[in-house]
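Reading the structure
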Amino acid sequence: MSTIFRELGNPPGPASSFTRLANGQQLEDIVRPAEGIVSRRIFADPEVFAMEQERIFGRAWFFIGHESEIPRRGDVITRQCGIDPVLLLRDEAGVVRAFLNSCRHRGMRLCRTDRDNVRLFRCPYHGWSYSTNGALLAAAGEHHYGEGELDRDALGLIPVARLGIYHGLVFGTWDPNAPSLDEWLGDMRWYMDIIFGRTGEIEFVGVPQVWEVDCSWKFATDNFTDNFHVFYAHQSLVELGMLPTDPDFACHGNMVTLRNGHILHFVQGAPDDAYQGLGLPKALWPRFAQNLTPTQAKIAQTHGYSAGTMWPNFHWLQLITAGDMEAPPVGILNLRLEIPITATRTRMFSWFAIDKDASPEYRKLSYETYVRTFGPGGIFDQDDMENWEECTAAARGPEAKRHTLHHKMGLHRAPDKTWPGPGIAYKDSYGEMTHREWYAEWLRCMSRPLADRTARVIR
Amino acid sequence: MSAAVATQELELSRPGTALYGEIVEFLYREADLLDSNRFSDWLALFAEDIHYIMPVRSTQFLSGGAGFQEVSFFDDNFQSLRTRVRRLETDSAWAETPPSRTRHFVSNVLAAPAGGAGEYAITLNFIVTRSRGDQGYQLFTGRREDTLRREASGQLRIARRRILVDQTVITATNLSIFF
């Protein structure tokens, strides 16, 4: 057994009907991350997507929103936790809460705007109303209910089972038996400190850009820690002089895999001040030492780029790029989330975020650079969506589904013991160890038995 | 209001007058350049101080306004628009290589004198269809607020463009086309 196999864990157990597809194949046979083999079947197939519903979206931890999006009491935004619609709000006492966005009576969506500031929620259908802490205040026509027909105390809004906040990022899970957010994120928190805590606080600026792409959510998701596509997928920007002409330009760094499928990389930029300190202005560099451990501060100081995936579908992109051919390079922080609608359609969320203490000038420059290069109109990002759609379109047919994708780059590369951070690190950030770890967690999650709550009707 | 401006406003508000006709023809020719993939010629229609912006829209109650946000899908100046055009002229802007087939329809054109001398405030409705590869149509609809400026040479140029889309969730692969 190779080193990598042990690291990824989860050797296939005895064939189980739980992971068997209708055609008789076992998921663990067609997805073999330790060997760098992933079947094309898992991307566009409605059967696999149906299996993902409870096993992944019913019980993993998901990013819902950032605290800076709901600064005032009564602020509410409508989002998803997994694929279920939720209200994320700050209640009258200032507590951040998340509820299924659905009335307890007939299931009507309660909040039908993207954002609001409310004192209570009143269902448009029959007028049931709820306080911001989720308690049912009144049902319609209460005097028409007989004794015992309306148990108001038991009819509060359905809360996200567990909610957790780290650096203002609000995560939720529908699984009451899930590990705590701290346990779930584990060592990822050490790296999130560098991205979200380097100068104090980060804030999300305004609303996300939202759009829907005809692609499997997994093709979008697994692109974010992939560095070696940049030279080829964004070739037009090499031609325009906005990216280096050396195909290896983005390989100078480390990839890191962590427990629970969290993955990331840190990459060094050109030996020039503009490409140090995560692309932040020099004035903010002294903050690293104030907010981070010396080891974290050194990583922030000596790297320009980073991408990380908080498994399964939430990502940071910390980049340095010019907004156009004549503009100077600027640091940008972009947060991404993919919510599947069907096996082959995905809703994309993209936020611009900034260090709270950044100067107004840098804030403006960083924002303009972001919107010109990332998001659906960004001259970098546009080409990625083309790839995700085309990969999906080519994965639909029966013949394609008999074949695998190739995720073997760096399969036999030994870990880099000199990397000072937690996790298993590899030198040279061109590699597919992050992909393999993501799909290993996917397989673990798809193979883990469901608790009986999925079969139970929760009243 | 001076008599000259009042006359101009009256003329602009009447389809069929020479000035209105000139503006509408300008808009049709612009759309034709885009649909013919003549992006450099299209770029030449913009003033050097162009601000080309497409704000993100949110769903909200009428009392809260139309829902347009400070965050945008596009926030371009002449320099960044030029980069977008140059990019489309490479052979490797994969989102548009091979190119989308677009059709830009403009209608409901209203014009009025704008703040600056020789400037006209134009509002219109647009439909943009995009056919890409073997996929179905991607459809964009909305309102556009343009400022056209007559330069010393007599040439009209686009000095400001605000693209107000109807969708809060863009149902399209990306926004690699122009509006």
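Residues numbered from 1 in each chain as written. Chains lettered and ligands numbered in written order. Predicted model: local features only at pLDDT ≥ 70, side-chain atom pairs only at ≥ 80, totals over all residues.

Topic: the domain arrangement of chain A
All names here are of chain A.
- Domains assigned within chain A are domain 1 (62-173) and domain 2 (186-445).
- On a C-alpha basis, the centres of domain 1 and domain 2 stand 33 Å from each other.
- Tallying the contact residues gives 11 residues for domain 1 and 14 residues for domain 2.
- Here the residues of the side of domain 1 that touches domain 2 are counted per class, giving 4 nonpolar, 5 polar and 2 charged. (Domains from an automatic or database assignment. Contact = placed C-beta atoms within 7 Å. Nonpolar A, V, L, I, M, F, W, Y, C, P; charged D, E, K, R; others polar.)

Some details on the interface of chain B and chain A
- With 33 residues of chain B at the interface, the matching set in chain A holds 36 residues.
- For the side of chain B that touches chain A, the elements supplying multiple residues, two or more each, are β2 (68-76) and α4 (78-88) of chain B. (Helix = DSSP H or I, 4+ residues; strand = E, 2+ residues; numbered from the N terminus.)

Considering unusual backbone geometry
- In this structure, Pro312(A) follows Trp311(A) across a cis peptide bond, with omega equal to 5°.
- Within the fold, Pro312(A) resides in the loop between β17 (305-310) and β18 (314-321).
- With an omega of 0°, the peptide bond between Thr97(B) and Pro98(B) qualifies as cis.
- Position of Pro98(B) among the secondary structure elements: in the loop between α4 and β3 (101-113).
- Of note in the backbone geometry, Leu278(A) takes a positive phi value of approximately 55° without being a glycine.
- Counting through the fold element by element, Leu278(A) comes out in the loop between β16 (263-267) and α10 (286-291).
- Despite not being glycine, Asn108(B) has its phi angle at roughly 55°, a positive value.
- Its place among the elements puts Asn108(B) in strand β3.

Regarding the sheet that holds strand β7 (residues 115-117) of chain A
All names here are of chain A.
- Taken in spatial order, the 4 strands line up as β6-β5-β4-β7 in an open sheet, and their pairing is antiparallel. The sheet terminates laterally at β6 (96-100) and β7, the two strands that pair on one side only. Across this sheet, the average inter-strand angle for adjacent strands is 30°, counted without regard to direction. (Pairing = 2+ DSSP bridges. Axes fitted to C-alpha atoms, helices over the stretch in contact; angles between N-to-C directions.)

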